[in-house]
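Observations on chain architecture
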Amino acid sequence: LASLSEATAPPMKTIKIGLLGMGNIGTGTYKTLEMNRPEIESTVDAKVEIVKILERDTERDRGIAVPKEKFTSDPDEIFKDPEIDIVIELLGGIEPATTFMLTAMENGKHVVTANKAAIAANYHKLMDTAKANNVAFRFEASVGGGIPILGTLTGPLRANKFEEVLGILNGTTNYILTMMTQEGLDYDTALRDAQAQGFAEADPTADVEGIDAANKLTILMALMFDKYVAPQDIPTTGITQITKEKIEEARANNCTIKLIAHAKKLENGEVEYEVKPMNMDNSHPLASINKEFNAVFVKGNAVDDVMFYGKGAGPLPTGSAVLGDIIDIAKNVMK
Ligand code: HSE
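All values derive from a computational prediction rather than experimental measurement.

Counting secondary structure elements, the protein contains 14 helices and eleven strands. Against the globule reference of 20 Å for 335 residues, the protein gives a C-alpha radius of gyration of 21 Å, in line with a compact fold. Counting every position in the protein, which comprises 335 residues, the buried fraction comes to 50%. The contacts in the protein between residues at least 6 apart in sequence include a share of 70% that link residues at least 24 apart. Split by element, the accessible area of the protein, about 15,400 Å² in all, is 49% carbon and sulfur. Between the averaged position of the 34 positive side-chain charges in the protein and that of its 48 negative side-chain charges there is a distance of 3 Å.

Each aromatic ring pair is specified by the distance between its two centres and by the angle formed by the two planes. The full count for this structure, using the stated rule, is five aromatic pairs. Consider the rings of Tyr123 and Tyr228, whose centres lie 6.4 Å apart with planes at 15 degrees: the pair is stacked. Here Tyr123, found in helix H7 (residues 123-132), pairs with Tyr228, found in the loop between helix H12 (211-225) and helix H13 (244-252); they are 105 residues apart in sequence, far enough to count as distant. Geometrically, the ring pair formed by Phe137 and Phe139 is tilted, given 5.0 Å between the ring centres and 45 degrees between the ring planes. In terms of burial, Phe137 and Phe139 fall into one category: buried.

Angle between the axes and distance between the axes: these two values describe a pair of packed helices. One can describe the packing of helix H9 (residues 171-182) onto helix H10 (residues 187-196) by two numbers: an axis separation of 9 Å at closest approach and a directional angle of 135 degrees. The pairing of H9 with H10 is recorded here as oblique in orientation. Judged by the twist between their axes, the crossing of H9 over H10 is right-handed. Mapping the contact onto sequence places Thr172, Tyr175, Ile176, Met179 and Met180 in H9 and Tyr187, Ala190, Leu191, Asp193 and Ala194 in H10. Class assignment for the residues of the contact of H9 with H10 results in eight nonpolar, one polar and one charged.

Let us look at the site of the ligand. Near the ligand the following residues occur: Lys116, Asn170, Gly171, Thr172, Phe199, Ala200, Glu201, Asp207, Asp212, Lys216, Gly312 and Ala313. In the environment of the ligand, an oxygen atom lies 3.5 Å from a nitrogen or oxygen atom belonging to the side chain of Asn170. For the ligand, a nitrogen atom lies 2.6 Å from a polar atom in the side chain of Glu201. When isolated, the ligand has an accessible area of 260 Å², and the protein chains bury 92% of it. Of all the elements in the fold, those that place two or more residues in the shell around the ligand are H9 and H12. Among the residues forming the shell around the ligand, the class breakdown is three nonpolar, four polar and five charged.

Before going further, it helps to spend a moment on the sheet that holds strand S8 (residues 255-265). An order of S9-S8-S7-S10-S11 is seen for the five strands of this open sheet, with the pairing classed as antiparallel. With partners counted over all chains shown, the strands left at the sheet margins are strand S9 (271-281) and strand S11 (304-311), one partner each. Mean inter-strand twist for the sheet, computed between neighbouring axes without regard to direction, equals 20 degrees. Bridge count between strand S7 (residues 162-168) and strand S10 (residues 293-300): six bridges; the pairing is antiparallel. Paired with Ile168 across the two strands is Ala295, which belongs to S10. Against the sheet, H13 makes contact with S8 and S9, and its axis sits at roughly 80 degrees relative to S8, the strand it touches most.

Here we come to the nonpolar core. Residues Phe137, Ile149, Leu220 and Val298 are the most contacted members of the largest nonpolar core, which totals 67 residues. The next biggest cluster of nonpolar side chains, apart from the first, holds 27 residues, and it includes Ile50, Phe71, Ile86 and Ile329.

For the bond from Glu95 to Pro96, the omega torsion is 5 degrees, close enough to zero to count as cis. Structurally, Pro96 is set in the loop between strand S4 (86-89) and helix H5 (97-106). Despite not being glycine, Lys291 has its phi angle at roughly 55 degrees, a positive value. Mapped onto the secondary structure, Lys291 falls in the loop between S9 and S10. In this structure Lys291 comes out as partly exposed when scored by relative accessible area, which is 35%. The phi dihedral of Asp304 is positive, around 70 degrees, even though this residue is not glycine.

When you line up the elements, Thr129 lands in helix H7. Judged by its relative accessible area of 10%, Thr129 falls in the buried class. A distance of 2.6 Å separates the side chain of Thr129 from the backbone oxygen of Lys125, its partner in a polar contact. Thr129 has contacts with Leu102, Met105 and Glu106, leaving out every residue within four places of it along the chain.

What counts and how
Residues numbered from 1 in each chain as written. Predicted model: local features only at pLDDT ≥ 70, side-chain atom pairs only at ≥ 80, totals over all residues. Heavy atoms only, no water. Helix = DSSP H or I, 4+ residues; strand = E, 2+ residues; numbered from the N terminus. Rg over C-alpha atoms; globule rule 2.2 N^0.38 Å. Buried < 20%, exposed > 50% of the residue type's maximum accessible area, 1.4 Å probe, protein only. Contact = heavy atoms within 4.5 Å. Areas by Shrake-Rupley, 256 points an atom, 1.4 Å probe, with all protein chains shown as cover. Lys, Arg positive; Asp, Glu negative; His and termini not counted. Charge placed at Lys NZ, Arg CZ, Asp CG, Glu CD. Phe/Tyr/Trp six-rings, centres within 6.5 Å; stacked < 30°, edge-to-face > 60°. Axes fitted to C-alpha atoms, helices over the stretch in contact; angles between N-to-C directions. Parallel < 35°, antiparallel > 145°, perpendicular 65-115°, else oblique. Left-handed = near helix turned anticlockwise from the far one by under 90°. Nonpolar A, V, L, I, M, F, W, Y, C, P; charged D, E, K, R; others polar. Near = heavy atom within 4 Å. Polar contact = N/O pair within 3.5 Å; in protein donor to acceptor, adjacent residues only side chain to side chain. Pairing = 2+ DSSP bridges. Core = buried A, V, L, I, M, F, W, Y, C linked by side-chain atoms within 4.5 Å.

Structure representation (structure tokens):
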């Protein structure tokens, strides 16, 4: 009987994925899938396969074997392939990433991305295009890396009116500030270290000038307050002016300097927002968030204070969030 039911069981479905970009995060996502494939596949009750990868650099040693035939330099091989269900966009940068995501949606593909710059710049266009094409658009990895903040704000915390958010949202700058504060490292050495570990943007200017944190604050405000503020309209100061003296001065006042993204809903309904280095009193939980860890402190009118903590950058934590979105789509959207 067992062999009869095996023989007649329908073949397991395969969820086919096209991956745009195999840099640090693309590699981390691929590795996370290989590492946890049995658990992921049993959760979605289907096979999950990255079948095509848009990437020119096929020679780079990624520490994982990727069959050469998966690589393509033609994005249409992904967009026009009727077998591909989901496109993961991990190219970074606003263009061509935004156009690629829109094209994928227009071709009926669900889209998952970690690209905060593209989402922050084109939030409504991406959301509207997904809706018009009846596809899912998920971007958990774009804010807080591996921390499941966006799904929590829009899921279990949805019953709240949100009042405030304070976040350490950039792993590179938090790593630099931690190394300067705890190890006395100079700024350049700490930045090189963060780059070597795959936390920094391709051009770390976006990290150290606070632009990356502003992109993430744009996304948080859109979801929490239903208010879109373009990142360039958020008053933003980075960490390039932080000196040893400023760090010592903060220490003498029982404080630690952190790059904080802050937004608050005022009584009149307006939202105030900024990204800047702040002297956090050492009694505040955000003062003790170190290295590439991120934390998001949220106040809701029913839940009160909640804080989320985890690795905000790096290939595997980000890969964890990307694959969480894939699982969500496979379980709840594709069915
Ligand atoms: N460069 C970003 C950071 C990567 O350091 O946080 C994660 O978004």
